[in-house]
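# Residue-level structure breakdown
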Amino acid sequence: MEPLLSFVIPFYNVEKYIAQCLDSVYQQGIPEEEYEVICVNDASPDHSRDIVLEYQKKHTNLILVEHEVNKKLGTARNTGRKIARGKYVWNVDSDDMVEPNCLGEIIKQCETNELDVLVFRHRHLRGEEILDNDKNTWNEMSEPVSGFNFWKSQCLDKPGIICPVWNKIFRKDYLNGNGIFSPEINMGEDVPFSIEAVLLADKVRAINGKYYIHRETPESLARSLRKTPSPQTLYENSFVCGKHIHKTVDRIPREEKDIVKSIRNIEKYTIQEYSSFLNIMTETDISEFRKICKKNLFSNMFVLNVLGRKWTLKYLEFLMFGLKK
């Protein structure tokens, strides 16, 4: 029997949280043969792997995949999906959780509506307290719509709502057939992936079920970037993500001007991210960041065009003279 859904859970340095994550995916009240759990060890240096191995002894539907070297989150997601047998894929972060007994309803929604993408709500875990998230609320949809119509009804005025990858279920053959994979980077990889995956879909539906619990931790990738930005990670988070978003815009018909404008706004924000971190980086890291930018000068200039002449000149000035503090 082929599973209906594949959880894809990359992990790296999450020994404090991964047991709680795995406990949540196994509290679903449906037979384990109806889903599989693919854990991708991205060369984690801690004891996360040992914990996963203990769960594998108890659950025959848990598959452990090993990266010999760290290949970054986007690559790990792709690794898991390439071996997934499920009709649908759910990307789960290893320090987060899913709601108990939600998987049966999720599969029912996907199967009944023959969906390419199902979008739902999430809650936050702060410390030991689970809090409702009332900011990113979807307009409940009675019927599936195309990705373009979904974007017009849900995302035009708040395009950032689409960015997380973990509050969506994707039909695997739809993703594979359209060549939609995560950028092979560690930070922000879900933004271009989610945009492309939603836009190109024939059938998308949003529901207000709260099926995911997103943990807020000091160790999370987003928070660590804010504290001590790595030059390479910062470059990926701004320019590499920006380039992927730029390519997605090229797949949108020109007459869809409102959608193009909306996604351009995400692209602009993403690329501009680099400048907000420079003042908290060390001189050494700033120098390294400039080297990376100079190495990719021409491809960066291509995407910088969306920001206009003023930003382009500011960027060139930074490359030539460094940061003026």
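Basis of the calculations
Residues numbered from 1 in each chain as written. Predicted model: local features only at pLDDT ≥ 70, side-chain atom pairs only at ≥ 80, totals over all residues. Heavy atoms only, no water. Helix = DSSP H or I, 4+ residues; strand = E, 2+ residues; numbered from the N terminus. Rg over C-alpha atoms; globule rule 2.2 N^0.38 Å. Buried < 20%, exposed > 50% of the residue type's maximum accessible area, 1.4 Å probe, protein only. Contact = heavy atoms within 4.5 Å. Areas by Shrake-Rupley, 256 points an atom, 1.4 Å probe, with all protein chains shown as cover. Lys, Arg positive; Asp, Glu negative; His and termini not counted. Charge placed at Lys NZ, Arg CZ, Asp CG, Glu CD. Expected span 1.5 Å × (residues − 1). Bend = angle between axes of the 7 residues up to and from the residue. Polar contact = N/O pair within 3.5 Å; in protein donor to acceptor, adjacent residues only side chain to side chain. Pairing = 2+ DSSP bridges.

A few words on the overall build of the chain. The helix and strand tally for the chain stands at 13 helices and nine strands. Here the C-alpha atoms of the chain give a radius of gyration of 20 Å, agreeing with the 20 Å that 2.2 N^0.38 yields for 325 residues. For the chain, buried positions account for 55% of its 325 residues. Contacts in the chain between residues at least 24 apart in sequence constitute 80% of all its contacts with a sequence separation of at least 6. Taken as a whole, the chain presents about 15000 Å² of accessible surface, with 50% of it coming from carbon and sulfur. Within the chain, one finds 45 positive and 47 negative side-chain charges whose respective centroids are separated by 8 Å.

Now for helix H10 (residues 257–277). Taking 1.5 Å as the rise per residue, H10 with 21 residues should run 30 Å; its terminal C-alpha atoms sit 32 Å apart, in good agreement. The sharpest bend along H10 reaches about 30 degrees and sits at isoleucine 271. All of the buried residues along H10 are Ile259, Val260, Ser262, Ile263, Arg264, Ile266, Glu267, Thr270, Ile271, Glu273, Tyr274 and Phe277.

Now for the side chain of glutamine 109. Relative to the helices and strands, glutamine 109 is located in helix H4 (residues 103–113). Polar contacts involving the side chain of glutamine 109 include one to the side chain of arginine 205, which spans 2.6 Å. Apart from the residues within four sequence positions on either side, glutamine 109 is in contact with Leu115, Leu118, Arg205 and Ile207.

A few words on the pairing of strand S7 (residues 129–132). Both strand S6 (residues 117–126) and S7 contribute to a ladder of four bridges, which runs antiparallel. From the neighbouring strand, leucine 125 faces S7, where its bridge partner is isoleucine 130. The loop that links S6 with its antiparallel partner S7 comprises two residues; one of these, glycine 127, has a positive phi angle of about 70 degrees.

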